[in-house]
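Residue strings, one per chain:
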Amino acid sequence: MAANMRGLTQFIADIRGARVRELEEKRINKEMANIRKKFKAWCSCHAADGNLDGYQKKKYVAKIIFTYILGYKVDVGHMEAVNLISSSKYSEKQIGYLAVTLLMHENSDFLRLVVNSIRKDLDENNEVSNCLALHAIANVGSSEMAEALSEDVHRLLISPTSQTFVKKKAALTLLRLYRKHPTVIPAAEWALRLVSIMDDQDLGVVICVTSLIMALAQDHLDAYAVCYTKAVDRLHRLVIEGEYSATYAYYKVPSPWLQVKLLRLLQYYAPSEDATLRSVLHEVLQTIMNNSAEPSRNVQHNNAQHAVLFEAISLAIHLDASSPLVGTSAVLLARFISSKETNVRYLGLDTMAHLAARADSLEPLKKHQGTIILSLRDKDISVRRRALDLLYSMCDTDNSELIVGELLRYLKVADYALREEMVLKIAILTEKYANSYKWYVDTILQLISAAGDHVGDEVWYRVVQIVTNTEDLQEYAAKVVFEHLKSPSTHESLVKVGGYILGEYGHLIANDTGYSPLEQFQVLHSKSQFCVASTRSLLLSTYIKWVNVFPEIKPQLINIFERYRHVLDAELQQRACEFYSLASRPDDDEVLQNVCEEMPPFPPRVSALIGRLNRKLGDTEDKRTWIHGGKEMNLERHANSRKATLGPGSSATGTTTVTGNTDVQDVMSSLAGLNLSSPGEQSDPSRVDSSVVAPRVVVGPSVEKWFNKLIYSADGVLYEDVQIQIGVKSRYQGHLGQLAIYLGNKISVPLTSFTSTIHVNDSEALSATFAKIPPNILVPRTQSQQLLHVECKKAFSSFPILTVSFLAGAHQSVSIRLPISVTKFIEGVKLGQADFFERWKVIGGPPREAQAVFPITLDGTGQLDLVRYRQVVSGNHLEILGDVDPNPNNLVAAGVLHTSVDGKVGCLLRLEPNREAKLCRLTVRSTSEDVAAEVLRLIEKLLRLDSS
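Residues numbered from 1 in each chain as written. Predicted model: local features only at pLDDT ≥ 70, side-chain atom pairs only at ≥ 80, totals over all residues. Heavy atoms only, no water.

Caption draft 1: How the structure looks around empty space enclosed by the protein. Here the structure, examined in full by the defined rule, presents 5 cavities of 30 Å³ or more. Counted as a void, the second largest cavity has a volume near 70 Å³. Looking at the second largest cavity, the residues that line it are Asp 199, Thr 229, Lys 230, Asp 233, Phe 754, Thr 755, Ser 756, Ile 773, Pro 774 and Asn 776. Sorting the residues of the lining of the second largest cavity by element identifies α12 (227-240) and β6 (752-759) as the ones contributing at least two each. Each residue belonging to the lining of the second largest cavity can be placed in one class, and the counts come to 3 nonpolar, 4 polar and 3 charged. (1 Å grid on protein atoms, 1.4 Å probe; cavity = no way out; pocket = protein on both sides within 12 Å on 5 of 7 lines; lining within 4 Å. Points joined across faces, edges and corners; volume = space filled by probe spheres on them. Helix = DSSP H or I, 4+ residues; strand = E, 2+ residues; numbered from the N terminus. Nonpolar A, V, L, I, M, F, W, Y, C, P; charged D, E, K, R; others polar.)

Caption draft 2: Up close: the side chain of Thr 468. Examined against the element boundaries, Thr 468 turns out to sit in helix α24 (residues 457-469). A distance of 3.3 Å separates a polar atom in the side chain of Thr 468 from a polar atom in the side chain of Tyr 500. Ignoring sequence-local partners within four residues, the contact set of Thr 468 consists of Gln 474, Tyr 500, Tyr 505, Met 599, Pro 600, Pro 601 and Phe 602. (Polar contact = N/O pair within 3.5 Å; in protein donor to acceptor, adjacent residues only side chain to side chain. Contact = heavy atoms within 4.5 Å.)

Caption draft 3: Main features of the sheet that holds strand β7 (residues 766-770). Strand order across the open sheet formed by 5 strands is β3-β4-β5-β8-β7, with antiparallel pairing between neighbours. The sheet is open, and its two edges are formed by β3 (715-720) and β7, each paired on a single side. For this sheet the average axis-to-axis angle between neighbouring strands, irrespective of direction, equals 25 degrees. In this sheet, strand β8 (residues 783-792) lies alongside strand β5 (residues 736-745) in antiparallel orientation, the contact comprising 9 bridges. Across the sheet, the residue bridging to Leu 736 is Glu 791, located in β8. The sheet contacts of helix α35 (residues 701-711) involve β3 and β4 (724-733), and relative to β3 the element is tilted by about 155 degrees. (Pairing = 2+ DSSP bridges. Axes fitted to C-alpha atoms, helices over the stretch in contact; angles between N-to-C directions.)

Caption draft 4: Region of interest: the packing of α24 against helix α26 (residues 492-505). Running from amino to carboxyl end, α24 crosses α26 at an angle of 15 degrees, the nearest separation of the two axes being 10 Å. Between α24 and α26, the angle falls in the class roughly parallel. Read as a crossing pair, α24 and α26 show a hand that is right-handed. Residues Asp 457, Trp 460, Val 463, Val 464, Val 467 and Thr 468 of α24 form the contact with α26, whose own contacting residues are Lys 496, Val 497, Tyr 500, Ile 501 and Tyr 505. (Parallel < 35°, antiparallel > 145°, perpendicular 65-115°, else oblique. Left-handed = near helix turned anticlockwise from the far one by under 90°.)

Caption draft 5: View of the nonpolar core. Ranked by internal contacts, the top residues of the largest apolar core, which has 214 residues, are Ile 118 and Tyr 224. Take this core: its biggest share by element is 12 residues, from helix α11 (residues 203-219). Listed in part, the 66 residues of the second largest apolar core include Leu 743, Val 790, Phe 806 and Ile 880. (Core = buried A, V, L, I, M, F, W, Y, C linked by side-chain atoms within 4.5 Å. Buried < 20%, exposed > 50% of the residue type's maximum accessible area, 1.4 Å probe, protein only.)

Caption draft 6: Geometry of helix α23 (residues 437-451). In a regular helix each residue adds 1.5 Å, so 15 residues correspond to 21 Å; α23 covers 21 Å between its end C-alpha atoms and thus fits that length. Of all the positions in α23, only Trp 439, Tyr 440, Val 441, Thr 443, Ile 444, Leu 445, Leu 447, Ile 448 and Ala 451 are classed as buried. In this structure, the buried side of α23 is in contact with α21 (400-411), α22 (416-432), α24, α25 (471-485) and α26. Directly after α23, the chain includes Gly 452, whose backbone phi takes a positive value near 60 degrees. (Expected span 1.5 Å × (residues − 1).)

Caption draft 7: Local environment of the confidence of the model for the protein. When pLDDT is averaged across the protein, the result is 85; 89% of the residues are at 70 or more. Every residue in residues 645-691 is under pLDDT 50, and counting partners more than four places away or in other chains gives 55 contacts. (pLDDT = per-residue confidence, 0-100.)

Caption draft 8: Geometry of the environment of Asp 396. By the secondary structure assignment, Asp 396 is in the loop between α20 (381-394) and α21. Given the relative accessible area of 15%, Asp 396 is considered buried. Placed 34 residues apart in sequence, Asp 396 and Leu 362 show a C-alpha to C-alpha distance of 8.6 Å. Leave out the neighbours within four places in its chain, and Asp 396 touches Leu 362, Lys 366 and Tyr 433. A polar contact is formed between the side chain of Asp 396 and the backbone nitrogen of Asp 398, at a distance of 3.1 Å.

Caption draft 9: Structural view of the environment of Val 924. With respect to the helices, strands and loops of the structure, Val 924 is situated in strand β16 (residues 919-926). On the basis of relative accessibility, which here comes to 0%, the residue Val 924 falls in the buried class. Separated by 73 residues in the primary sequence, Val 924 and Gln 851 place their C-alpha atoms 6.3 Å from one another. In this view, Val 924 contacts Arg 848, Glu 849, Ala 850, Cys 907, Leu 908, Leu 909, Ala 932, Val 935 and Leu 936; residues no more than four positions away in its chain are not counted.

Caption draft 10: Inspection of the sheet that holds strand β9 (residues 801-808) at higher detail. Across the sheet, which stays open at both edges, the 3 strands sit in the order β6-β9-β10 with antiparallel pairing between neighbours. A strand with exactly one partner marks an edge of an open sheet, and here the two such strands are β6 and β10 (810-817). Averaged over all adjacent pairs, the angle separating strand axes in this sheet is 15 degrees, with direction ignored. The sheet contact formed by β6 and β9 spans 6 bridges and is antiparallel. Along β9, the bridge assignment pairs Ser 756 with Val 804.

Caption draft 11: Region of the structure containing the environment of Ser 730. Looking at the element boundaries, Ser 730 is found in strand β4. Separated by 57 residues in the primary sequence, Ser 730 and Leu 787 place their C-alpha atoms 9.6 Å from one another. Those residues in contact with Ser 730 that sit more than four places away from it in its chain are Ala 714, Gln 738 and Leu 739.

Caption draft 12: Representation of unusual backbone geometry. Following Pro 846, the chain continues into Pro 847 via a peptide bond in cis, with omega recorded as 5 degrees. Residue placement: Pro 847 occurs in the loop between α36 (833-843) and β12 (849-855). Notably, Ser 255 is not glycine yet its phi reads approximately 40 degrees, a positive angle. Structurally, Ser 255 can be placed in the loop between β2 (253-254) and α13 (256-266). The class of Ser 255 is buried, set by a relative accessible area of 1%.

Written as structure tokens, this is what we have:
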């Protein structure tokens, strides 16, 4: 750049040649004065075409940029930079964009002038201009710019004509805008279109889009649920099928960055119920672990493999902490925490902490407890921190004394950056896993003595609560705290604990040798001169308590109140005056006794220590799906997050958004038990989660006709338009069924990013899964078959919905109902006349009988259409029984519904058409009233079609 501009080259050389700062400033001031003069002259004669051409403006703005980079304040050149952006020459446009991104902050008024120029560059069919504009948007990222240009950036990303490197920059620009202004980006609206780009042929585009989807999916799990299948499919193609170009093989590891992102994305969602996806994922994870079993001599290859491996282990733990894969992972992790590589030790300890947070049993981890404790003394502080987290997560009642004791010993030499977090974790473990209250008091007081200034108020508050609420502990706590106070140096937090406990329970030990009232007073008061005003206030409260229970030291206490009546601190002075007045009252006065009564027990409350620890740790950009602290704490956190979100975070796969807002959870837990809903909004625990919304199905006369025919037929066309045809062929046996779904591409171009998903309204009654992950490309003028396995668990009434989405120029989506009804799982039964009517009477009338009378139409000859009636009834898998009803026009049928949960359900049917009245009576009796109602609804609807 400078080589092509002699003036700029000379200016930089003069600056570098300046021997002292004064000469440098003098040269810069001279140059800035010259630039102001040139720009002012240009502005004054701008209407007459001026005397500055694009080259000169570019040169002067470049000098301004260099001056700014050196750290000098710049107040000129902003308008010239805006004008350079509009230039048609790349070199001038580049300098203009560079100046805008460096000289203008996101709230600058000048940015409003460049929005239209940036939009023009985004609209151009020139990838270089596109990229310069995207850089400016990402670097400045103001709210106004995001609102005005996010749609244009999105259009560049999804455009089929955009170059791959433009798509990559567009995806990362949207990611930057979303992180700064999440409300500006319509994440849910763009979900399907963005997810479809995960099937792009270029892995670079896929990596960038996956980064964007990871950020969006964390806050919109439902909308991006389809990315789960895409991620599994892409992992299978990378790891198993080896579908990648050599460009993206990093030391023989296929695109490790993409693998890591996909594995982490899958952890945001609950484990899938789809057996096919689970099987494919298991194969992928097993392959990754097998590939990393033996380390390579190449360090870069090892780094890439370990990056993928640790994320794969985290996903395996997330899917099922008791699976054989996790057992294999535990063996690998044990090897990694002893590695010579610092990074490997760090990742091994962090992943092992994840295992401890989810595992049902901690026994495999306890085998390596010694190695983990040694890691507390690692030379790298990040490894020490991970060792602390792991010990915190793997602690239980069996090893609590060992771990807490080790942490207390390490606390004395630990880094100051670790001490506050260590104090909180030791206090939580001591309270949670204490085998005896005496051990709890000893440990906490030892902690307060050792940690000093790193002990927060929450720690000693909690000690006071527990001692106050545990009567058997009070005398022991008073003795122990007294012994601690006798040491020459005592931290102020310990003085506070001692002041409270001795004030309340000092009388319990006053008769023991060495614990007399005078000795208690002397020990405690000797510490007061080193304490701040708030601690002295607490000690004054202790003294007034002693006035009531220790009359032998009353004169010394009154003397202290008298001295403190004249201090400058208002709080101390007020307390001293009030306590002096109380202490001076007659001995038989009951006011002092009533005021100084023993503190009542505190109401039961959750420890604030865990909330303090979570607030301290906070959340990173990639939200964790687990926290340190063992399985019980993770389950509790998961339950609290579900209560806090109340549905909006729940996904179609049953996943809940994890939030790090502990303050909100604390407030919600405080309101537990209050009914905050109006009388008309009482919650129904059996109600289906309203956040799981079924896709909107395609409607139309032909679609409805095809669907209704397939209700009583085994095969046929389900949907057809100018681009795609969908056909179905089915067979059922017992409670199982198989549908072959035929997808035909009718156009001359391939349908890319092809996605098929099934939505089942009631997964507890019906399951539907594809036999394998559907292919993502449908070749022109060809047909593809997908097998769908279905299982009837209970009676159901809603049809599954098949959603097919694809790219054919634009993104298109079609949702249609699948003809899977409860009658498909019925098996016909042959019965004689006597058996039929006997069972008919046994079942009886309502509620196990459903009946409807509806109008019918006659055929062309004015007769009943008995052939169609028989076709509908037999098509619903009911066996038509002959010679049972004396009226030859009536139909009688029987069948048994097979379900995997409720077993077999009998079903009987009578159809009685009347030609003269043009009416038909349909009666269905079943051992299940739900089955009777559903069979009646299905058959009545089909028989009504002609009449309507």
